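Remarks on the overall topology
These are the residues of each chain, in order.
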Amino acid sequence: VQLQASGGGLVQAGGSLRLSCETSRRITAVNVLGWYRQAPGKQRELVASILRGTVTNYVDSVKGRFTISRNNAKTTIYLQMNSLKPEDTAVYYCYLKLHPRGDYYWGQGTQVTVSS
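Throughout what follows, the structure given in this document is the object of discussion. Note that the structure is predicted; figures quoted are calculated from it, not measured. (Residues numbered from 1 in each chain as written. Predicted model: local features only at pLDDT ≥ 70, side-chain atom pairs only at ≥ 80, totals over all residues. Heavy atoms only, no water.)

1. Details of the sheet that holds strand β3 (residues 17–23)
Here we have four strands laid out as an open sheet, ordered β1-β3-β8-β7, and antiparallel in their pairing. Single-partner strands in this sheet number two, and they are β1 (3–6) and β7 (66–70). When the angles between neighbouring strand axes are averaged without regard to direction, this sheet yields 15 degrees. Sheet topology note: the β1/β3 ladder contains four bridges and is antiparallel. What sits directly across from Leu 3, in β3, is Thr 23. (Pairing = 2+ DSSP bridges. Helix = DSSP H or I, 4+ residues; strand = E, 2+ residues; numbered from the N terminus. Axes fitted to C-alpha atoms, helices over the stretch in contact; angles between N-to-C directions.)

Here it is in structure tokens:
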């Protein structure tokens, strides 16, 4: 399984970005997919995930601002990020697990920088 992330960039606080992650295989309901991020000097943090096709989870710091979704063709994972804050600055990584207890497959990471 290969994942290709894109959509990062530099944005001012309050702005928006949409990250995309294209997968090399069709996403099914048993897959687990989502986004982590890692800021300089910090541990990697789970930002958002989709379980069982429709159940979404978010870290408290992004609730109400970020939305995770996938396209109808079930080959792309998105992370819509609104009302961005400087503390959202990080490298964002998409991931896919073929089933909940499976191994992680990772995208290459995309840098998001939010200026104040």
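2. Re the packing of aromatic side chains
Evaluation of the coordinates by the stated rule reveals six aromatic pairs. Ring centres of Tyr 95 and Trp 106 lie 5.8 Å apart, and the angle between their planes is 50 degrees; this geometry places the pair in the tilted category. One end of the pair, Tyr 95, is in strand β9 (residues 90–97); the other, Trp 106, is in strand β10 (residues 104–106), with eleven residues separating them in the sequence. By relative accessible area, which is 3% here, Tyr 95 ends up buried. Take Trp 106: its relative accessible area is 34%, and that puts it in the partly exposed class. Taken together, the aromatic side chains of Tyr 36, Tyr 95, Tyr 104 and Trp 106 make up a single cluster linked through ring pairs. Over the ring of Tyr 93 we find Arg 44, and its NZ or CZ is 4.0 Å from the ring centre. Of note, Arg 44 hangs over the ring of Trp 106, and the distance from its end group to the ring centre comes to 4.7 Å. (Phe/Tyr/Trp six-rings, centres within 6.5 Å; stacked < 30°, edge-to-face > 60°. Buried < 20%, exposed > 50% of the residue type's maximum accessible area, 1.4 Å probe, protein only. Lys NZ or Arg CZ within 6 Å of the ring centre and 35° of its normal.)

3. Some details on the state of the cysteines
Summed over the entire model, instances satisfying the criterion amount to one disulfide. At a sulfur-sulfur separation of 2.0 Å, the disulfide partner of Cys 21 is Cys 94. Measuring handedness by torsion sign, the sulfur bridge of Cys 21 and Cys 94 sits at about 60 degrees and is right-handed. Here Cys 21, found in strand β3, pairs with Cys 94, found in strand β9; they are 73 residues apart in sequence, far enough to count as distant. Here Cys 21 and Cys 94 have matching classes, each one buried. (Disulfide = S-S within 2.5 Å.)

4. As for the nonpolar core
Of all hydrophobic cores here, the largest spans 26 residues; its most connected members are Trp 35, Phe 66, Ile 68, Leu 79, Met 81 and Tyr 92. Contributing elements (two or more residues each) for this core: β1, β3, β4 (32–38), β5 (45–51), β7, β8 (76–81), β9 and β11 (110–115). At four residues, β9 tops the list of elements feeding residues into this core. (Core = buried A, V, L, I, M, F, W, Y, C linked by side-chain atoms within 4.5 Å.)

All quantities given are derived from atomic positions and should not be read as evidence of function.
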